[in-house]
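Chain by chain, the residues:
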Amino acid sequence: MKRLIVVFAALCVLAGCSQNSEMDRYINRLMDGMTLEQKIGQLNLHSASGFISAARVTEEDENVKLLKAGELGGLYGSGDVEYLRKIQEIALESGAGIPLITGMDVIHGCETVFPIPLALSTSWNMELIEKTARVAATEASAKGINWVFSPMVDICRDARWGRIAEGGGEDPFLGGEIAKAMVYGYQGRDAEYADDEVMTCVKHYALYGGAEAGRDYNSVFLSRQEALNGYLRPYQQAAYAGAGSYMSSFNEFEGIPATMNPYLMDELLRKDWGFDGFIVSDATAILEEVAHGIGDLQEVSARSLQAGLDMDMNSDGFVGTLKKSLAEGRVSEADIDRACRRILEAKYKLGLFEDPFRYLNPDRAATDVYTPENLAFAREVSHECQVLLKNDGVLPLKKGTRVAVVGPLAKDATSMAGMWATSSHNSECFTLFDGIAEVTPATYAEGSWLMKDKDLEEGIRFGMMRMFMPGFKAPAIHTVSQQQLIAEAVSNARRADVVIACVGEISTMNGEGASRTDISIPDAQQELLKALKATGKPVVMVLVTGRPLTLGWEEENMNAILNVWSQGSEGGRAVADVLFGDANPSAKLTTSFPRSVGQLPLYYNHKNTGRPHPDYEPYRKFTSCYMDELNGPLYPFGYGLSYTTYEYGPMELSATEMPLGGSVTASVTVSNTGSRDGDEVVQLYIHDIYASSTRPVQELKGFRKVHIAAGESVKVEFTLTAEELSFYNHELDWVCEPGEFEIMIGPNCRDIQTSILTVL
Ligand code: NOJ
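This is a predicted model, so every value here is computed, not measured.

To continue, consider the site of the ligand. Not every one of the 14 residues close to the ligand is listed here, only the nearest: Asp105, Arg163, Lys203, His204 and Asp282. A distance of 2.7 Å is found between an oxygen atom of the ligand and a side-chain nitrogen or oxygen belonging to Arg163. Between an oxygen atom of the ligand and a side-chain N or O atom of Lys203, the distance comes to 2.9 Å. When isolated, the ligand has an accessible area of 300 Å², and the protein chains bury 95% of it.

What follows is the structure, encoded as structure tokens:
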């Protein structure tokens, strides 16, 4: 039997080898017949003409010209099968006849829009997250897309950064689990790509979320050790899950822009983590290295290539300068061949040489996209992505309750879609008002402006359109006075049993280029909330946001706060399901919610300092704290309420000592003590008490989302080994150091119970 297994294993290895060598042989042959220009052309990626919107192929189309000159390896930004088919035909007829790889920013769903990534992460449900990526892959591949610019796995500790909305929050362990789930969802779990699976592009590599002061594109100042321990795990886990490509980020690390950083790309990603795919720059990132102060376009292009970058998105640095650099001995032919080979390998793996039209099937475009099944699934997903931050008992509401729905976010479909939703159905997203009005008598009033600063509001609402749509005429805003809007809302409120105030950020306040220094609910909407409070009616605040906001006044004065982020296609309906009790909220925060912006960066897994100060105690001189604010967040990492209640029994460790190579089980019995069935996210944290380097006060190392029927109990178990207790030491080795560890279990990072485990 043993011999049989050995023979079988050897055959499998051989099969793998022969597949690889088949690919190698194919690509060798192909490259032998390619000119230098054609090879460099493969390294060039452009956005489709009319990025996002449908485009027609014309002779003047810049991409057509590039294709005919053999100067384009890929195109991104179009999901128009007809257009892409024509472009692919031109690619096959030109130069070396190599098919294009076709990319798209499919971030949280494709035509069916799912909750924004930060919201998705609050589900803590990896199966669900994987399935959203699976559905997105099916839809994307039906639209001619074979490569998605997702998952975005940047860890972020600073809510001022607008792109916090695009990622999975502040924790590297959870981020790593999400990264794997997304890669599996898009690409499948085996090495082959099926017709409805697409290649992922993990971004933004690396450390983009560490932007200083939360200002987008800003410098990152992190030690390698802190980067490895606190930020890099999600990128690493994505590589282990088999991610096909990575996108380099805009920021610098250790004084070298990430797009030309040999440590990040070649040493860490390729050598240490074994990644064997290709790396594309972010849009114009090579060109931006000039502004970073590294050199002219020729210099930065050469350095980027040599550092391990393979494809240039929108800088024309590679097509524009590499030939010259080769002639001058600045780069070698081997450098160019290496990058070209990696891109051809990706196309080979996607099956594009076998069938360049594999993903360009107009029938699928008509049948597999935005289906009733996908929309129904989106609604289910949304149920798990709404965080109940406060509830004095007003929720769930009874159907039939007369509600006044007010606020500038109540009828805003595109803000339900959220940032980076490229679906042509964005404006059909179910609004909060529509969802609520389906189940109960409801009135509507806009209630307030988005914000008082009209110029700023215009810039936020229409800035993108003004940039990309020549001749765009912005509709007038602030046409009705703020007083009048508030008066209408108050009058509706007085005639209702309950007020539902839909406030927060519109989608263009999140995502790229959307940093804020004031992360409160905008001033005009705060005025509305105060006026509603003054009516004496119960006010349920439904918060639309892409980042943690400072909600001190709201926590004190609102009867309930349901944070719904941007929920996607079925958002309004799914929110109504939660408000009226058809779904029981179970989401938990994956980012700390600060009390004030001055606390930022704020994250639960911080270090202790030599003069630690308890999170919830007031100012004391000569300890590490603020005079005017507590250290602790308003809502901690892992926090979220339910319509039922849970009681945690005592934590048990199967042993209090563990040999380095052994394992220990930590368990807890959780009881649903309320009257409704629910899903609870049970969390396990550790703290290495003494280590050769300082360690965070808490680190998430396990979580389980369990369904517990009312009145029932469930025993939840976590296995701990040296792996969960390891960290990157000062020498950057991944080690578990013997000694004492605190093991913590709880419903969030604050309300925990602790036991001591000694590793021998
Ligand atoms: C810039 C963004 O940073 C990145 O996330 C996106 O994928 C590219 N543009 C392409 O649209």
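Continuing now.
Moving on, we get to a negative patch on the surface. A grouping of Asp453, Asp455, Asp518 and Asp523 is seen on the molecular surface, where their side chains present a negatively charged patch. Structurally, Asp455 can be placed in helix H19 (residues 454–468). On the basis of relative accessible area, Asp455 is assigned to the exposed category, the value being 60%.

Within the structure shown, the criterion is met by 38 salt bridges. In this structure, the salt-bridge partner of Arg338 is Asp335, at a minimum N-O distance of 3.3 Å. Here Asp335 and Arg338 lie together in helix H14 (residues 333–349), a separation of 3 residues that amounts to about one turn. Using a relative accessible area of 10% as the deciding quantity, one classes Asp335 as buried. With a closest N to O distance of 2.8 Å, Asp577 and Arg379 form a salt bridge. Remark: Arg379 occurs in helix H16 (residues 372–383) and Asp577 occurs in helix H23 (residues 571–579); sequence separation between them is 198 residues.

In this section: the environment of Leu589. With respect to the helices and strands, the residue Leu589 is situated in the loop between H23 and strand E17 (646–648). Along the chain, Leu589 and Asn748 lie 159 residues apart, while their C-alpha atoms are 8.7 Å from each other.

We now examine a nonpolar patch on the surface. Judged by side-chain polarity, Met464, Met467, Phe468 and Met469 come together as a nonpolar surface patch covering roughly 500 Å² of accessible area. Here Met464 lies in helix H19.

For the rest of this paragraph, the subject is the sheet that holds strand E19 (residues 657–658). In space, the 5 strands of this open sheet follow the order E19-E27-E26-E21-E22, with mixed pairing throughout. The outermost strands of the open sheet, each flanked by one partner alone, are E19 and strand E22 (699–708). Note that E19 and strand E27 (residues 753–759) share 2 bridges and pair parallel. Considered in E27, the bridge of Met658 is made with Val759.

Glancing now at the environment of Glu299. Within the fold, Glu299 resides in helix H12 (residues 297–307). Residue Glu299 is classed as partly exposed on the basis of its relative accessible area of 25%. Note: C-alpha distance between Glu299 and Leu543 (244 residues apart in sequence) is 48 Å. Residues contacting Glu299, with those up to four places away along its chain left out, are Ile294 and Arg330.

Moving on: the sheet that holds strand E11 (residues 387–391). With respect to topology, 6 strands assemble into an open sheet ordered E11-E16-E15-E14-E12-E13, the strand pairing being mixed. Among the strands making up the open sheet, the edge pair consists of E11 and strand E13 (442–445). Between one strand and the next, the sheet's axes are offset by a mean angle of 20 degrees, whatever the strand orientation. Bridging between strand E14 (residues 498–504) and strand E15 (residues 539–544) involves 6 bridges; their strand directions are parallel. Each residue of the ladder has a partner; that of Val499, found in E15, is Val539. Seen against the sheet, helix H21 (residues 523–534) touches strand E12 (403–406), E14 and E15 and runs at an angle of roughly 170 degrees to E14.

Now for the packing of aromatic side chains. Applying the stated criterion to the full structure yields 25 aromatic pairs. Seen from their ring centres, Tyr26 and Phe353 are 5.1 Å apart, and the 50 degrees between their planes marks the pair as tilted. Highlighted residues: Tyr26 in helix H1 (residues 2–32) and Phe353 in the loop between H14 and helix H15 (362–367), separated in sequence by 327 residues. Given a relative accessible area of 28%, Tyr26 falls into the partly exposed group. Both rings, one in Tyr728 and one in Trp734, keep their centres 4.9 Å apart while their planes meet at 50 degrees; by these two values the pair is tilted. Tyr728 sits in the buried class, given a relative accessible area of 14%. Under the relative-accessibility criterion, Trp734 is labelled partly exposed at 33%. Counting every residue linked through ring pairs, the aromatic cluster contains Trp124, Phe173, Tyr604, Phe637, Tyr685 and Phe703.

Moving on, we come to the packing of helix H11 (residues 285–292) against H12. Taken N-terminus to C-terminus, the directions of H11 and H12 make an angle of 120 degrees; their axes are 9 Å apart at the nearest point. The angle between H11 and H12 falls in the class oblique. Relative to H12, H11 is oriented so that their crossing is right-handed. Contacts from Ile286, Leu287, Glu289 and Val290 in H11 reach Leu297, Val300, Ser301 and Ser304 in H12. For the contact of H11 with H12, the class distribution of residues is 5 nonpolar, 2 polar and 1 charged.

Now for the nonpolar core. Of all hydrophobic cores here, the largest spans 146 residues; its most connected members are Trp147, Tyr246 and Leu551. The leading source of residues in this core is helix H7 (residues 172–187), at 9 residues. Other than its neighbours up to four places away in sequence, Leu551 contacts Leu389, Ile521, Met541, Leu543, Phe593, Leu634 and Tyr635. Counting residues in hydrophobic clusters, the runner-up holds 38 residues, among them Val113, Ala410, Ala413 and Ala417.

A separate point is the domain arrangement of the chain. What the domain assignment lists for the chain is domain 1 (41–364), domain 2 (374–579) and domain 3 (644–759). Computed from C-alpha coordinates alone, the two centres of domain 2 and domain 3 are separated by 37 Å.

Counting through the fold element by element, Ser248 comes out in strand E6 (residues 245–248). Here Ser248 falls in the buried class, since its relative accessible area comes to 0%. Separated by 47 residues in the primary sequence, Ser248 and Cys201 have C-alpha atoms spaced 9.7 Å apart. Here Thr259 takes part through its side chain, which lies 2.7 Å from a polar atom of the side chain of Ser248.

Here the focus is the packing of helix H6 (residues 126–142) against H7. Contact geometry of H6 with H7 gives a least axis separation of 7 Å together with a crossing angle of 35 degrees. Judged by the sense of rotation from one axis to the other, the crossing of H6 with H7 is right-handed. Between H6, through Met126, Ile129, Glu130, Ala133, Arg134, Ala136 and Ala137, and H7, the contact on the second element is made entirely by Leu174, Glu177, Ile178, Ala181, Met182, Tyr184, Gly185 and Tyr186. The residue inventory of the contact of H6 with H7, partitioned by class, reads 11 nonpolar, 1 polar and 3 charged.

Analysis parameters
- Counting of residues starts from 1 at the beginning of each chain's written sequence and follows it residue by residue.
- Thresholds applied to this predicted model are a pLDDT of at least 70 for local features of residues and 80 or more for the giving and counting of side-chain atom pairs; totals over whole chains, interfaces and linings are not thresholded and use all residues.
- Neither water nor hydrogens contribute to the side-chain values; these are computed over all heavy atoms in the structure.
- Whether a residue is near a molecule or strand is decided by its heavy atoms; if any one of them lies within 4 Å of it, the residue is near.
- Under the rule applied, a polar contact is a pair of N or O atoms within 3.5 Å (in protein, one hydrogen donor and one hydrogen acceptor; residues adjacent in sequence only if both atoms are side-chain atoms).
- For the accessible areas, the method is Shrake-Rupley and the probe is 1.4 Å, while residue cover comes only from the protein chains on display.
- Here the term patch refers to residues with relative accessible area over 30% and no salt bridge, with like charges joined within 9 Å and nonpolar side chains (Val, Leu, Ile, Met, Phe, Trp, Tyr) within 5 Å.
- Salt bridges are identified by distance alone: a Lys or Arg side-chain nitrogen within 4 Å of an Asp or Glu carboxyl oxygen.
- In this charge count, Lys and Arg are treated as positive and Asp and Glu as negative; neither His nor the chain ends contribute.
- Lysine's charge is taken at NZ, arginine's at CZ, aspartate's at CG and glutamate's at CD.
- The way it works is that DSSP assigns letters per residue, a run of H or I at least four long becomes a helix, a run of E at least two long becomes a strand, and they are numbered from the N terminus.
- Using a 1.4 Å probe on the protein chains alone, a residue whose accessible area is under 20% of its type maximum counts as buried, one over 50% counts as exposed, and one in between counts as partly exposed.
- Whether two strands pair depends on DSSP finding at least two bridges between them.
- We call two residues in contact when some of their heavy atoms are within 4.5 Å.
- Orientation is described by axes fitted as lines to C-alpha atoms, over the contacting stretch for helices, and by angles from 0 to 180 degrees between their N-to-C directions.
- Note on ring pairs: Phe, Tyr and Trp rings are taken, using the six-membered ring of Trp, and paired if centres are within 6.5 Å. Classes follow the plane angle, with under 30 degrees stacked, over 60 edge-to-face and the rest tilted.
- Geometric relationships in this document are graded by angle, where less than 35 degrees denotes roughly parallel, more than 145 denotes roughly antiparallel, 65 to 115 denotes roughly perpendicular, and other angles denote oblique.
- Handedness of a crossing is defined here by the sense of rotation of the near helix relative to the far one, left-handed for an anticlockwise turn of less than a right angle and right-handed for a clockwise turn.
- Under the convention adopted here, Pro, Cys and the residues Ala, Val, Leu, Ile, Met, Phe, Trp and Tyr are nonpolar, Asp, Glu, Lys and Arg are charged, and Gly plus all remaining residues are polar.
- We call a set of buried Ala, Val, Leu, Ile, Met, Phe, Trp, Tyr and Cys residues a nonpolar core when their side-chain atoms join them within 4.5 Å.
- By convention here, the domain bounds are inherited from an automatic or database domain assignment.

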